[in-house]
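The lines below spell out each chain.
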Amino acid sequence: MTRIFIRSLIFNVLFYLLLVFWILVAIPTFLLPRRALIKVAKLWGQSSIWLMRMVCGTKVEFRGLDKIPQGPLIVAPKHQSMWETFALLQHFDEPLYILKRELTWIPFFGWLLLKADMIAINRQKGGRILMEMARRASEEVNRGRQLIIFPEGTRTPVDAPPRYKAGIAQIYSDCNVPCLPVALNSGLFWPRRQFMRYPGTIVVEFLDPLPAGMSRREFFDTVSDQIESASRRLIEAGRQEQQALFGGVPNTAPVDAPTVPDRTASTQ
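Residues numbered from 1 in each chain as written. Predicted model: local features only at pLDDT ≥ 70, side-chain atom pairs only at ≥ 80, totals over all residues. Heavy atoms only, no water.

Engineer: I keep staring at the overall build of the protein and nothing clicks. Help me out?
Structural biologist: Counting secondary structure elements, the protein contains seven helices and seven strands. When the elements of the protein are put in sequence order from the N terminus, they spell out α-α-β-β-α-β-α-β-α-β-α-β-β-α. Against the compact-globule benchmark of 18 Å for 268 residues, the protein has a radius of gyration of 18 Å, which places it among compact chains. When its C-alpha atoms are laid out on the principal axes, the protein stretches across 50 × 45 × 40 Å. Looking at the 268 residues of the protein, the share that counts as buried comes to 51%. Look at the contacts in the protein between residues 6 or more apart in sequence, and 77% of them connect residues 24 or more apart. Total accessible area on the protein stands at roughly 12,600 Å², and carbon and sulfur atoms take up 58% of it. Measuring between centres, the 33 positive side-chain charges of the protein sit 6 Å from its 23 negative side-chain charges. (Helix = DSSP H or I, 4+ residues; strand = E, 2+ residues; numbered from the N terminus. Rg over C-alpha atoms; globule rule 2.2 N^0.38 Å. Buried < 20%, exposed > 50% of the residue type's maximum accessible area, 1.4 Å probe, protein only. Contact = heavy atoms within 4.5 Å. Areas by Shrake-Rupley, 256 points an atom, 1.4 Å probe, with all protein chains shown as cover. Lys, Arg positive; Asp, Glu negative; His and termini not counted. Charge placed at Lys NZ, Arg CZ, Asp CG, Glu CD.)

Engineer: Which parts of the structure should I look at to understand the pattern of salt bridges?
Structural biologist: Close approach of charged atoms lets side chains of opposite charge pair. Following the criterion strictly, the structure yields 15 salt bridges and no others. With a shortest N-O distance of 3.1 Å, Lys78 and Glu152 are connected by a salt bridge. Taken together, the residues Lys78 in the loop between strand S2 (73-77) and helix H3 (83-87) and Glu152 in the loop between strand S5 (146-148) and helix H6 (167-175) connect sequence positions 74 residues apart. Both residues of the pair, Lys78 and Glu152, belong to the buried class. Arg135 is the salt-bridge partner of Glu139, the closest N and O atoms lying 3.2 Å from each other. (Salt bridge = Lys/Arg side-chain N within 4 Å of Asp/Glu carboxyl O.)

Engineer: Looking at this structure, how should I read the packing of aromatic side chains?
Structural biologist: In this description, a pair of aromatic rings is defined by centroid distance and the angle of the planes. Taken as a whole, this structure holds 16 aromatic pairs when the rule is applied. Measuring from ring centre to ring centre gives 6.3 Å for Phe92 and Phe206, while their planes differ by 75°; the resulting arrangement is edge-to-face. A residue pair is termed long-range when its members are at least 10 positions apart, and Phe92 in the loop between H3 and strand S3 (95-100) and Phe206 in strand S7 (residues 200-206) qualify at 114 residues. Phe206 shares its class with Phe92; the two are buried. Taken together, the ring pairs in this structure connect Phe11, Phe15, Tyr16, Trp44, Phe62, Trp83, Phe86 and Trp190 into an aromatic cluster. (Phe/Tyr/Trp six-rings, centres within 6.5 Å; stacked < 30°, edge-to-face > 60°.)

Engineer: I keep staring at H6 and nothing clicks. Help me out?
Structural biologist: Each turn of an α-helix holds 3.6 residues, which means side chains three or four residues apart point in the same direction. Counting buried positions along H6 gives seven out of nine residues, so the element sits mostly inside the fold. On its buried face, H6 sits against S2, S3, helix H5 (128-141), S5, strand S6 (179-184) and helix H7 (216-246). Asn176 sits one or two residues past H6 and shows a positive phi near 55°.

Engineer: Would you explain the nonpolar core in this entry?
Structural biologist: The nonpolar side chains of a soluble globular protein tend to be buried with one another. Counting residues in each nonpolar core, the largest one holds 71 residues, and the members touching the most others are Ile74, Trp83, Phe92, Ile171 and Phe219. The biggest single contributor to this core is helix H2 (residues 34-56), with nine residues. Here Phe219 is in contact with Ile168, Ala169, Tyr172, Cys179, Leu210 and Met214, once residues within four sequence places are set aside. The next biggest cluster of nonpolar side chains, apart from the first, holds five residues, and it includes Ala183, Val203, Leu207 and Leu234. (Core = buried A, V, L, I, M, F, W, Y, C linked by side-chain atoms within 4.5 Å.)

Engineer: Help me out: how do you make sense of the side chain of Gln170 in this one?
Structural biologist: Residue placement: Gln170 occurs in helix H6. Excluding residues that lie within four positions of it along the chain, Gln170 makes contacts with Leu130, Ala134 and Arg216.

Engineer: Just checking my understanding: could you explain the sheet that holds S6 for this structure?
Structural biologist: Backbone hydrogen bonds hold the strands of a sheet together, and the pairing may be parallel or antiparallel. Read from one edge to the other, the open sheet built from seven strands follows the order S1-S7-S6-S2-S5-S3-S4, with strand pairing classed as mixed. In this open sheet, the two strands that pair with only one neighbour each are strand S1 (58-63) and strand S4 (119-121). For this sheet the average axis-to-axis angle between neighbouring strands, irrespective of direction, equals 20°. Pairing geometry for S2 and S6, over four bridges, is parallel. Opposite Ala76, over in S6, you have Pro181 as the bridge partner. In the packing of H6 onto the sheet, contacts are made with S2, S3, S5 and S6, and the angle to S2 comes to roughly 165°. Set on the sheet, H7 makes contact with S1, S2, S6 and S7; between it and S6 the angle comes to about 25°. (Pairing = 2+ DSSP bridges. Axes fitted to C-alpha atoms, helices over the stretch in contact; angles between N-to-C directions.)

Engineer: Looking at this structure, I do not really get unusual backbone geometry. What am I missing?
Structural biologist: Phi is mostly negative for residues that are not glycine, and the peptide bonds are mostly trans. With a phi angle near 60°, Asp117 is a residue other than glycine that sits in the positive phi range. In this structure Asp117 comes out as partly exposed when scored by relative accessible area, which is 33%. We note that Arg193 has phi near 55°; this positive angle belongs to a residue other than glycine.

Engineer: What is the right way to look at a nonpolar patch on the surface in this model?
Structural biologist: On the surface, a nonpolar cluster with roughly 680 Å² of combined accessible area is contributed by Phe5, Ile6, Leu9, Ile10, Val13, Leu14, Leu17 and Phe195. As for its position among the elements, Phe195 is in the loop between S6 and S7. (Patch = residues over 30% accessible without salt bridge, like charges linked within 9 Å, V, L, I, M, F, W, Y side chains within 5 Å.)

In structure tokens form, the structure reads like this:
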């Protein structure tokens with residue numbers, strides 16, 4: 001584990017230096033169309049994946065790329081780590097995120113988010129947030145963009161019970177476009193709120209797209225069940241690989257989130 005700690009330290013330092021580098025590279029895109037900035041963001045994601053492979057020995061496998069529809073789309077990935085926030089960018093022409101508005105207050109980085117026309121929301125608005133999110137998302141998606149939205153709303157430790165939010169069904173209904181569920185096991189290798197980065201293979205699996213027009217309840221049950229079922233399978237395979245690589249499975253739960261068994265997706 002000492003070797004993994006040293007590699008993690010080196011990676012974390014280089015990762016944030018790399019982020020600063022790409023922010024500086026992106027500054028001229030303020031004067032260019034949005035696509036120029038999106039291109040830089042994709043290069044940031046690809047270079048970060050490369051850095052993690054070179055320093056930490058963490059490879060990446062993307063499965064089901066042929067299942068990604070063209071045009072306007074909702075992308076619904078499992079959310080276990082910061083990793084997927086940048087790693088998925090490269091696979092979509094016009095990626096769009098919903099994020100808390102406080103991120104847009106960060107000098108340069110936040111301004112670039114605004115330039116990219118991301119949807120920044122004020123969480124203090126309470127129940128009005130959902131209506132605002134759905135309206136903005138529908139407008140942007142119907143302009144041909146791909147909305148990457150995490151149905152659980154926040155990063156969930158690998159062994160925590162899933163808590164899917166009803167907002168994903170509302171947005172799906174309002175946008176009236178297909179939804180692409182995405183399973184992954186990134187939390188085994190870049191755990192939430194942890195310093196360590198573990199070797200192995202992060203697997204991202206794009207599942208069969210769900211067509212537009214399903215009822216909210218049917219969609220909610222289907223998307224959560226499919227993501228959870230496939231993610232559990234990927235997590236189990238990842239743990240077996242880690243056992244073979246370094247003789248143990250790391251504790252992926254942060255100190256404020258006790259480890260509990262996986263359960264089927266919540267339908268509340």
